[in-house]
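Reading the structure
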Amino acid sequence: MAKADTGTASTESGLDTAVIERAAEWAGIAEQDLCDALVILHADLIGRHSQFEREFDYVTVDGTRAYRISDEVCDELLSEFGFEEDLAAGVRLAHTEQAKLLFAKSVRGDDNFDADECGIVIGIDTAEQF
């Protein structure tokens, strides 16, 4: 059963609770720490959606937008938050897994990410919201 904080982070970030739980386990970090980081990151991502939309491939599924970005862009983004290495890895794992799931679910998406690509997910369909 998902912890309440995992459910809250899922609601706020657009990531499934199971994805968050797996990413925390894979990265060897506390779910609470990952949830906190995901909520903080998501608040910032909302303001960047137009940049991502112009520069990267994306899909929208059930009100959630997923972007395919380069590892370099992801590294730069995560470095802005000062997350420790294992926490940054957990954030990247969670976002990439969710993005792959959304690309696979979409009609036009290709969930075969290259080795130097990862995903970013924004929990609202910002293009239609704004």
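Attention here is on the structure that accompanies the text.

The rules behind these values
- Along each chain, numbering runs from 1 in the same order as the chain's sequence is written.
- Only residues with pLDDT of at least 70 are given local features in this predicted model, and only at 80 or more are side-chain atom pairs given and counted; all residues enter the totals for whole chains, interfaces and linings.
- Where side-chain values are given, they derive from all heavy atoms of the structure, hydrogens and water being excluded.
- Salt bridges, as used here, are contacts in which a Lys or Arg side-chain nitrogen is within 4 Å of a carboxyl oxygen on Asp or Glu.
- A 1.4 Å probe rolled over the protein chains alone gives each residue an accessible area, and that area as a share of the maximum for its type sets the label: buried under 20%, exposed over 50%, partly exposed in between.
- The secondary structure listing takes helices from DSSP runs of H or I that are at least 4 residues long and strands from runs of E that are at least 2 residues long, numbered from the N terminus.
- For two strands to be treated as a pair, DSSP must find no fewer than two bridges joining them.

A word on the pattern of salt bridges
- Using the criterion set out here, one finds 9 salt bridges in the structure.
- Note that Arg48 and Asp44 form a salt bridge whose closest N and O atoms lie 2.5 Å from each other.
- Judged by its relative accessible area of 18%, Arg48 is buried.
- As a salt-bridge pair, Arg92 and Asp75 come within 2.0 Å of each other at their nearest N and O atoms. Of the two residues, Arg92 is situated in helix α6 (residues 85-105) and Asp75 in helix α5 (residues 71-79); the sequence distance between them amounts to 17 residues.
- On the basis of relative accessible area, Asp75 is assigned to the partly exposed category, the value being 42%.
- Within this structure, Asp44, Arg48 and Glu80 form a network of salt bridges that share partners.

A word on the pairing of strand β2 (residues 64-70)
- Of all 7 residues in β2, 6 are buried, a share of seventy percent or more.
- Here strand β1 (residues 57-61) runs beside β2; their pairing, made up of 5 bridges, is antiparallel. Paired with Asp57 across the two strands is Arg68, which belongs to β2.
- Linking β1 to β2, which pair antiparallel, is a turn of 2 residues; within it Asp62 sits at a positive phi near 50 degrees.
- In this structure, β2 lies alongside strand β3 (residues 117-122), joined through 6 bridges in antiparallel fashion. When the sheet's bridge partners are listed, Ala66 is paired in β3 with Val121.

A look at unusual backbone geometry
- Even without being a glycine, Asp62 presents a positive backbone phi close to 50 degrees.
- Assignment of secondary structure puts Asp62 in the loop between β1 and β2.

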